[in-house]
Amino acid sequence: QARFVESGGGLVQAGGSLRLSCGADGRTFSTYAMGWFRQAPGKERDFVAAIGRSSSTYYADSVAGRFTISRDNAKNTVYLQMDSLKPEDTAVYYCAARSGVARRVANEYAYWGQGTQVTVSS
C-alpha cells in the first residue's frame, strides 16, 4: 500500500507564499491521480486542487489563479504552490491519491497523507 507524507506547512502572513510537498513511497507514483484537500476547524474537508496522470490540472474556484499544483514523477512528489495567501486559506492540508482520473470529491480518493498545518495571519 502506498504511503504519502506532506511537508511544507507553516505560519505565513497574508499575501505571502508557501509550497507544500507530498512524497510517496510504495506503488509507482505515476499511476496515481493526486489531489490536495483542506480542512478548517469545524468544517468539512474541501477540494483544493488535483492533477491527473497526464498532468491535467483542476482547481477550486477559491484558489484558482493563486495556487498551482504540479507533479514530478521522477521524485514521486506532488507540489502545491500557494501564493497570495489569505487568512481564509488557514487549514490542515492533505494530499490524496487515487487510481484512475483526477476527481474533486474527497471520498473518491483511497490514500491520504497525515496532513500539514497552514496558518495565514492577517
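Before reading on, note that the structure itself is shown above.
Since this is a predicted model, take the numbers as computed values, not measurements. (Residues numbered from 1 in each chain as written. Predicted model: local features only at pLDDT ≥ 70, side-chain atom pairs only at ≥ 80, totals over all residues. Heavy atoms only, no water.)

A. Structural view of the packing of aromatic side chains. In total, this model carries 8 aromatic pairs according to the counting rule given. Within the aromatic cluster, the residues linked to one another by ring pairs are F37, F47, Y94, Y109 and W112. The ring of Y94 has R45 sitting right over it, with the charged end atom 3.7 Å from the ring centre. (Phe/Tyr/Trp six-rings, centres within 6.5 Å; stacked < 30°, edge-to-face > 60°. Lys NZ or Arg CZ within 6 Å of the ring centre and 35° of its normal.)

B. Seen up close, the state of the cysteines. Considering all chains together, one arrives at 1 disulfide under this definition. Each sulfur in the disulfide pair C22 and C95 lies 2.0 Å from the other. Residues C22 and C95 share a disulfide whose torsion about the S-S bond is about 40 degrees; that sign makes it right-handed. Pair noted here: C22 is in strand 3 (residues 18–25) and C95 is in strand 9 (residues 91–99), with a separation of 73 residues, a long-range link. A relative accessible area of 0% places C95 in the buried class. (Disulfide = S-S within 2.5 Å. Helix = DSSP H or I, 4+ residues; strand = E, 2+ residues; numbered from the N terminus. Buried < 20%, exposed > 50% of the residue type's maximum accessible area, 1.4 Å probe, protein only.)

C. Molecular detail of the sheet that holds strand 3. In space, the 4 strands of this open sheet follow the order 1-3-8-7, with antiparallel pairing throughout. Two strands lie at the open edges of the sheet, namely strand 1 (3–7) and strand 7 (67–72), each paired on one side alone. Direction aside, the axes of adjacent strands within the sheet are offset by 15 degrees on average. With 6 bridges connecting them, strand 7 and strand 8 (residues 77–82) associate as antiparallel partners. Residue T68 lies in a different strand from strand 8, and its bridge partner there is Q81. (Pairing = 2+ DSSP bridges. Axes fitted to C-alpha atoms, helices over the stretch in contact; angles between N-to-C directions.)

D. Structural detail: the pattern of salt bridges. Under the counting rule described, the total for this entry stands at 5 salt bridges. A salt bridge links R66 to D89, with the shortest nitrogen-to-oxygen separation between them at 2.8 Å. With R66 in the loop between strand 6 (57–59) and strand 7 and D89 in the loop between strand 8 and strand 9, this residue pair connects regions lying 23 residues apart in the sequence. Given the relative accessible area of 0%, D89 is considered buried. The salt bridge partner of E108 is R103, with a shortest N-O separation of 3.5 Å. Owing to a relative accessible area of 33%, E108 belongs among the partly exposed residues under this scheme. The exposure class assigned to R103 is partly exposed, which follows from its relative accessible area of 38%. Taken together, the salt bridges that share partners define one network made up of R38, R66 and D89. (Salt bridge = Lys/Arg side-chain N within 4 Å of Asp/Glu carboxyl O.)

E. How the structure looks around the layout of surface pockets. The volume enclosed by the largest pocket comes to roughly 170 Å³. Forming the walls of the largest pocket are R38, Q39, A40, K43, E44, D46, F47, S62, P87, E88, T90 and A91. Mapped by element, the contributors of at least two residues to the lining of the largest pocket are strand 4 (32–39) and strand 5 (45–51). In terms of residue class, the lining of the largest pocket is built from 4 nonpolar, 3 polar and 5 charged. (1 Å grid on protein atoms, 1.4 Å probe; cavity = no way out; pocket = protein on both sides within 12 Å on 5 of 7 lines; lining within 4 Å. Points joined across faces, edges and corners; volume = space filled by probe spheres on them. Nonpolar A, V, L, I, M, F, W, Y, C, P; charged D, E, K, R; others polar.)

Take it as geometry only, folks, not as evidence of what the structure does.
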